[in-house]
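Structure assessment
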Amino acid sequence: MTSYRPLHDGWVLSGSSGDVPATVPGCVHTDLLAAGLIDDPYLDDNENRLGWIGRTAWTYTTVFSWSGDEHERTDLVCAGLDTVAEITLNGVRVAATANQHRSYRFPVRHLLREGGNTLTVTFGPALEYAEERRAALGFRPGAYEAPYAFIRKMACNFGWDWGPALVTAGIWRPIGLESWSGARLASVRPLADGSGRVDVHVTVERATEAPLTLTASVAGVTAEVRLAAGQRSAVVPLTVPSPRLWWPRGYGDQHRYELAVRLGDSSWTGKIGFRSIELDEDAFRLTVNGTPVFVRGVNWIPDDCFSSRVTRDRLAARFGQAAGAGVNLLRVWGGGLYESDDFYDLADELGLLVWQDFPFACAAYPEEEPFRSEVAAEAREHVTRLSAHPSLVLWCGNNENLEGHADWGWQAELDNRSWGGGFYHHLLPSIVAELDPTRPYIPGSPFSADPAAPPQDPSTGTIHIWDVWNREDYRHYATYTPRFVAEFGFQGPPAYATLRRAVSGELAADAPLVLHHQKADDGNGKLLRGLGDHLPAPVSFDDWHYLTQLNQARAITFGVERFRALMPYCMGTIVWQLNDCWPVTSWSAIDGDGRRKPLWYALRRLYADRLLTVQGDEVAVVNDGDEPWLGELVLTRQSLSGRPLAKEAVPVEAATRSVVRVALPAAVGDPDDPTAELLTVQLGDARLVSFFAEDTAVAFAPADYDARAEPVEGGYRVTVTARTLLRELALFPDRLDPAASVDAMLVTLLPGEETTFHITTDQPLDPEALTTYPVLRCVNEPRE
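Scope of this entry: the structure provided in the associated data block. These numbers were taken from a predicted model, which means no experiment stands behind them.

Reading guide: rules and limits
- Residues numbered from 1 in each chain as written.
- Predicted model: local features only at pLDDT ≥ 70, side-chain atom pairs only at ≥ 80, totals over all residues.
- Heavy atoms only, no water.
- Helix = DSSP H or I, 4+ residues; strand = E, 2+ residues; numbered from the N terminus.
- Buried < 20%, exposed > 50% of the residue type's maximum accessible area, 1.4 Å probe, protein only.
- Contact = heavy atoms within 4.5 Å.
- Salt bridge = Lys/Arg side-chain N within 4 Å of Asp/Glu carboxyl O.
- Pairing = 2+ DSSP bridges.
- Axes fitted to C-alpha atoms, helices over the stretch in contact; angles between N-to-C directions.
- Expected span 1.5 Å × (residues − 1).
- Polar contact = N/O pair within 3.5 Å; in protein donor to acceptor, adjacent residues only side chain to side chain.
- Core = buried A, V, L, I, M, F, W, Y, C linked by side-chain atoms within 4.5 Å.
- Left-handed = near helix turned anticlockwise from the far one by under 90°.
- Nonpolar A, V, L, I, M, F, W, Y, C, P; charged D, E, K, R; others polar.
- Disulfide = S-S within 2.5 Å.
- Phe/Tyr/Trp six-rings, centres within 6.5 Å; stacked < 30°, edge-to-face > 60°.
- Lys, Arg positive; Asp, Glu negative; His and termini not counted.

1. Observations regarding the overall build of the protein
Across its full length, the protein carries 16 helices and 46 strands. In terms of its C-alpha atoms, the protein occupies a principal-axis envelope of roughly 85 × 60 × 60 Å. The buried share of the protein, taken over its 784 residues, is 59%. By sequence separation, contacts in the protein at least 24 residues apart represent 70% of the contacts at least 6 residues apart.

Given below as structure tokens:
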């Protein structure tokens, strides 16, 4: 029988600040914060005064007792060391490591003593290590000056255009002692398909060369394999007759089976799912169990700069928010991490597909040693570790490095130095092909299936769209006819309560502390220019906050509607981004405190199975559900006061997983006065209100309505009855109670219509405040 003993207690952190208690798993920043030696890096501009932490050596020390046992071997198992580490046990050097993305196992039984034992892990400054490697290997171009390409560590730790520069160090994943005898299961790599076949690949570490018996069982099917003397690997084939398949959410149930593997006293259990995956690289169409899937995706970044704080419960909350918005795929972006086991298990459970980037992003990376060996080791570890998860459907070599090499002028700067191409085109695909041939691999994104085509060729593979936001108005999305959009986004500030917590001073768009929580180049300038002729110019902070949040939702709405209407030519959108790692103005739908921005509510409509959208002179009826969508499409042109001017009814039938385009009859599609009319599109319960002009040109009457708030179980009910048209009603209860949330947002009412918002809170709120500015907002509210 193997035994495992965690070593998470009694740690002390030593450095330039003296000795403080340490939490393991954890990191230096969180230990210093808990000891009261630094201010919260996420508040105000405290980040600016903490750069010294990443340039300081730190030592973690613990003393633990040990007494001999019956086992032959005892290993020190380190699930994650961040990053440049030297380990000593009882004064003897055990190992040195320099890769946050790897786990390590070291034999230490010969170093253990009866009674007290001292374990020390010293972390060298990550910045100095990276700078030394850069000096030795030569400059490599990248998106930022920080030398993150010269160390195998989470790249965004060094700062990004949405994240702070907080260069961490510490024992960030579990550490402990594992004792065993005879032989142990070193790795289990189940490769399942959609037929019920699973080949269980096993590697064995031995303390004896005697023959061994390996058994595996799933769904009542058991197989046994004998390992001859000295044999260290084997494959156990199992076939489950007529298995229930694992499906992505929206396509079927997420059936999983428990797989048990045993080698003497060493055992492994995990859940697997039977499903098949195919990728047409040219069309960039994912097919699961023979069914093409339109990807309704979001990009995922690390949910906290301090990764040990991301618990299973926190991931479950974030995944619930993604699923609640209709998302069916998470792309784990290459500037972050291979995520935790909990991450992929929750994705399996919820039916969220996972696209996994290898951790390379926005820079040329050296391929010389020690990096080539480190990359190979980490890739082999994680391709093996994640093989059991049916949610994982794609491995991708990097984020934007193919484009950087082709289109960003890197080749001249590199002067023939290595840049990572050997990783993306040779090393990584060979590892995936060897260890997990059941999943597709692409060398990067953006990516063209035609090697002769530029990476951003929209006719093949994937593209990233960033001229919108950086330079172009969001209507520019209409010029794209892509196969698959793996990144596109538009910024908006975080929720009011999030910004208020993060900034102790004045809340103003140009206030220094507010600007510190905006990391994008000219970010606030782009926010204001992005309003264009879409929305009024803000005259106060409250206006700026509401209108820029709304414009973020509008921009993504325009893009997603455009691309979904192109199905099946276009087979996916992955919005940048779902989440944030701290309180910041960014492209996220969920802010750094976990609050839903207006964009989240827009995504919930955009990523629903059924979507109505006006595309030029047509209505696109998008049906990505399992049942046909049929009925009478009612098109009504009417005045802003609600008076019908023309009406047409067109029978439609959208088959499952299809788009039907209906030409707008001239009577309803051609307004007499674009500034004074609108179009409603109705099919069953689905309704769309579309305008013929931008909001700043529409002759809205000043908003007039009745609103009442009444307490109900679990919070409040706010009912709004429109006397005039109300454009994009939004309610922000977090201004009154930071923990309060609302069930709906961005509701347009025609005169005489009524809607109800449900607010969740356990606090008493002022009913009048709930129904007035700045909590209740709409575009055409009276303005001074």
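2. Brief notes about the pattern of salt bridges
A side chain of one charge can pair with a side chain of the opposite charge if their charged atoms are brought near each other. Tallying each qualifying case throughout the model produces 57 salt bridges. For the salt bridge of Glu 132 with Arg 133, the shortest nitrogen-to-oxygen distance reads 3.7 Å. With a relative accessible area of 47%, Glu 132 lands in the partly exposed category. For Arg 133, a relative accessible area of 24% translates into the label partly exposed. Ionic contacts of the salt-bridge type, sharing partners, join the residues Arg 256, Arg 312, Asp 342, Asp 345, Asp 348 and Glu 349 into one network.

3. Quick word on the sheet that holds strand β35 (residues 629-639)
The strand order across the open sheet formed by four strands is β36-β35-β38-β39, and the pairing between neighbours is antiparallel. Each edge of the sheet is formed by a strand with only one pairing partner; in this case those strands are β36 (644-654) and β39 (686-691). Here the strands of the sheet are splayed against their neighbours by 15° on average, with no regard to which way each runs. As paired elements, β35 and β36 share 10 bridges and run antiparallel to each other. Looking across to β36, one finds that Val 634 is bridged to Ala 649.

4. Looking at the sheet that holds strand β34 (residues 618-623)
With antiparallel pairing, three strands are arranged side by side in an open sheet as β33-β34-β37. At either end of the open sheet lies a strand with only one pairing partner, and these are β33 (610-615) and β37 (658-663). Recorded for the sheet is a direction-independent mean angle of 20° between the axes of neighbouring strands. Across six bridges, β34 lies against β37 in antiparallel orientation. Within β37, the position partnered with Val 622 by the bridge is Val 659. Helix α13 (residues 541-564) contacts β33, β34 and β37 of the sheet and is inclined by roughly 100° relative to β33.

5. Side note on unusual backbone geometry
Here the amide bond leading from Val 24 into Pro 25 is cis, since omega sits at 0°, within 30 degrees of zero. With respect to the element layout, Pro 25 can be found in the loop between β3 (18-21) and α1 (28-34). Residue Pro 568 follows Met 567 across a cis peptide bond; omega there is 10°. Structurally, Pro 568 is set in the loop between α13 and β32 (572-575). Positive phi values are uncommon outside glycine, yet Arg 657 reaches one of about 55°. Structurally, Arg 657 can be placed in the loop between β36 and β37. For Glu 728, which is not glycine, the phi torsion reads 60° and is therefore positive. Position of Glu 728 among the secondary structure elements: in strand β42 (residues 726-731). We classify Glu 728 as buried; its relative accessible area is 10%.

6. Describing the pairing of strand β25 (residues 295-300)
A large share of β25 lies buried, amounting to six of its six residues. Across the two faces of β25 the burial is the same, with Val 295, Gly 297 and Asn 299 and Arg 296, Val 298 and Trp 300 all buried. Relative to β32, β25 runs parallel, the two being bridged by four bridges. Each residue of the ladder has a partner; that of Arg 296, found in β32, is Thr 573. Relative to strand β26 (residues 329-332), β25 is paired through four bridges, and the arrangement is parallel. Residue pairing across strands places Asn 299 opposite Arg 331, the latter belonging to β26.

7. Focus: helix α3 (residues 312-324)
Under the 1.5 Å per step criterion, the end-to-end length of α3 is 18 Å for 13 residues, consistent within 8% with the ideal 18 Å. As for α3, its buried residues are in contact with β25, β26, α4 (341-350) and α14 (598-606). Positive phi appears at Gly 326, one or two residues downstream of α3, with a value of about 85°.

8. Let's talk about the side chain of Asp 580
With respect to the helices, strands and loops of the structure, Asp 580 is situated in the loop between β32 and α14. A polar side-chain atom of Asp 580 sits 2.8 Å from a polar atom in the side chain of Ser 586. Those residues in contact with Asp 580 that sit more than four places away from it in its chain are Ile 301, Pro 302, Asp 303, Ser 586, Ser 588, Ile 590, Asp 591 and Gly 592.

9. Description of helix α12 (residues 523-531)
Burial analysis of α12 places seven of its nine residues in the buried class, the great majority of the element. Buried within α12 are the following residues: Gly 523, Asn 524, Gly 525, Lys 526, Leu 527, Gly 530 and Leu 531. On its buried face, α12 sits against α9 (467-470), α11 (512-516) and α13. Taken from the residues just after α12, Gly 532 is the one with a positive phi, measuring 45°.

10. A closer look at the nonpolar core
Grouped together as the largest cluster of nonpolar side chains are 147 residues, with contacts concentrated most on Phe 358, Ile 556 and Leu 603. With 10 residues, the single largest contributor to this core is α13. The residues touching Leu 603, leaving out its near neighbours within four places in the chain, are Val 298, Ala 325, Ile 556, Val 575, Ala 589 and Ala 608.

11. Considering the packing of helix α5 (residues 371-385) against helix α8 (residues 421-435)
Two elements in contact, α5 and α8, have axes whose closest approach is 10 Å; the angle formed by their N-to-C orientations is 35°. Once α5 is placed against α8, the crossing between them reads as right-handed. In this structure, α5 contributes Phe 371, Arg 372, Val 375, Ala 376, Ala 379, Arg 380, Val 383 and Thr 384 to the contact, and α8 contributes Phe 423, Leu 427, Leu 428, Ile 431, Val 432, Glu 434 and Leu 435. Grouping the constituent residues of the contact of α5 with α8 by class yields 11 nonpolar, one polar and three charged.

12. What about the state of the cysteines?
Applying the stated criterion to the full structure yields zero disulfides. Of all cysteine sulfurs, the one in Cys 27 lies closest to Cys 78, which takes part in no disulfide; the gap is 17 Å. The cysteine Cys 362 is free of any disulfide, with Cys 156 supplying the nearest cysteine sulfur at 11 Å.

13. Here's the deal with the packing of aromatic side chains
In total, this model carries 41 aromatic pairs according to the counting rule given. Between the aromatic rings of Trp 11 and Tyr 60, the centroid separation amounts to 6.4 Å while the plane-to-plane angle is 70°, which identifies the pairing as edge-to-face. Of the two residues, Trp 11 sits in the loop between β1 (3-6) and β2 (12-15) while Tyr 60 sits in strand β4 (residues 58-66), which places them 49 residues apart along the sequence. With respect to burial, Trp 11 and Tyr 60 carry one shared label: buried. Following the ring pairs from residue to residue traces out a cluster consisting of Tyr 144, Tyr 148, Trp 160, Trp 162, Trp 333 and Trp 576.

14. What to know about the side chain of Glu 367
With respect to the secondary-structure elements, Glu 367 resides in the loop between β27 (353-357) and α5. In this structure, Glu 367 is buried with no salt-bridge partner, the nearest side chain bearing the opposite charge being Arg 372 at 5.2 Å. Separated by 3.1 Å, the side chain of Glu 367 and the backbone nitrogen of Gly 422 make a polar contact. If sequence neighbours within four positions are ignored, Glu 367 has contacts with Arg 372, Ser 418, Trp 419, Gly 420, Gly 421, Gly 422 and Phe 423.

15. Details of the environment of Thr 585
Looking at the secondary structure, you find Thr 585 in the loop between β32 and α14. Among the residues examined, Thr 585 registers a relative accessible area of 2% and is labelled buried. Sequence separation of Thr 585 and Gly 36 is 549 residues, and the distance between their C-alpha atoms is 27 Å.

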